[in-house]
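So you can see what is in the structure, the chains are spelled out below.
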Amino acid sequence: MRRKLHTPDQTVDPEIIDPEIMQGAIQSLDAERPKVIAKCSVCGADASSYAPEQLCWVCRRLKISAWRDIETQSPVQE
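Residues numbered from 1 in each chain as written. Predicted model: local features only at pLDDT ≥ 70, side-chain atom pairs only at ≥ 80, totals over all residues. Heavy atoms only, no water.

## Some remarks on the overall build of the protein
Then, in step 1: Helix and strand counts for the protein stand at two helices and zero strands.
Then, in step 2: Looking at the protein residue by residue over its 78 residues, the buried ones come to 9%.
Then, in step 3: Considering only residue pairs separated by 6 or more positions, the protein has 0% of its internal contacts joining residues 24 or more positions apart.
Then, in step 4: Roughly 7800 Å² of accessible area belongs to the protein as shown, and the carbon and sulfur atoms make up 57% of that amount. (Helix = DSSP H or I, 4+ residues; strand = E, 2+ residues; numbered from the N terminus. Buried < 20%, exposed > 50% of the residue type's maximum accessible area, 1.4 Å probe, protein only. Contact = heavy atoms within 4.5 Å. Areas by Shrake-Rupley, 256 points an atom, 1.4 Å probe, with all protein chains shown as cover.)

Dropping the structure here:
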């Protein structure tokens, strides 16, 4: 199935939604976003305050990756 092409005569009125309703929707979305207060203890970026460790998502992934690398390495025999 082909899409219909948008022609210039099919303009959309920018004031379809009442500005008061739009402002209320924006404010409600802002209220639902979690507030990031904590800083990463490694790099200083924003971190989740819900985690027991104060790590950003990048440092957390690097830590998990390092754990996996250590577990897959075989012990060195002398």
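Having seen it, we continue.
## What to know about the nonpolar core
Then, in step 1: One finds A38, C40, A47, L55, C56 and C59 forming the largest nonpolar core, which totals six residues.
Then, in step 2: In this structure, L55 is in contact with C40, S41, V42, A47, S48, R60 and K63, ignoring residues within four places of it in sequence. (Core = buried A, V, L, I, M, F, W, Y, C linked by side-chain atoms within 4.5 Å.)

## Observations concerning the environment of K39
Then, in step 1: Relative to the helices and strands, K39 is located in the loop between α1 (19-32) and α2 (57-72).
Then, in step 2: The spacing of K39 and Q54 is 15 residues in sequence and 6.6 Å in space, taken between C-alpha atoms.
Then, in step 3: Residues in contact with K39, not counting those within four places in the same chain, are G44, A45, D46, A47 and Q54.
Then, in step 4: A polar atom in the side chain of K39 sits 2.8 Å from the side chain of D46. (Polar contact = N/O pair within 3.5 Å; in protein donor to acceptor, adjacent residues only side chain to side chain.)

## Observations concerning a nonpolar patch on the surface
Then, in step 1: Taken together, the side chains of I16, I17, I21, M22 and I26 define a hydrophobic patch exposed on the protein surface, amounting to about 480 Å² of accessible area.
Then, in step 2: Position of I21 among the secondary structure elements: in helix α1.
Then, in step 3: Residue classification places I21 among the exposed residues on the basis of a relative accessible area of 55%. (Patch = residues over 30% accessible without salt bridge, like charges linked within 9 Å, V, L, I, M, F, W, Y side chains within 5 Å. Salt bridge = Lys/Arg side-chain N within 4 Å of Asp/Glu carboxyl O.)

## Here we look at the pattern of salt bridges
Then, in step 1: Enumeration over the complete set of coordinates arrives at two salt bridges.
Then, in step 2: Between D46 and K39 there is a salt bridge; the shortest N-O distance is 2.8 Å.
Then, in step 3: Where E53 meets K63, a salt bridge forms, and the shortest distance between an N and an O atom there is 2.3 Å. Residue E53 is found in the loop between α1 and α2, and its partner K63 is found in helix α2; the two are separated by ten residues along the sequence.
Then, in step 4: Residue K63 is classed as partly exposed on the basis of its relative accessible area of 26%.

## Things to note about the state of the cysteines
Then, in step 1: All told, the structure shown has zero disulfides when counted by the stated rule.
Then, in step 2: Here C40 stays free of any disulfide, with the sulfur of C59 as its closest cysteine sulfur at 3.7 Å.
Then, in step 3: When its relative accessible area of 6% is taken as the criterion, C40 is described as buried.
Then, in step 4: Sulfur of C56: no disulfide; nearest cysteine sulfur belongs to C43 and is 3.6 Å away.
Then, in step 5: What makes C56 buried here is its relative accessible area of 5%. (Disulfide = S-S within 2.5 Å.)

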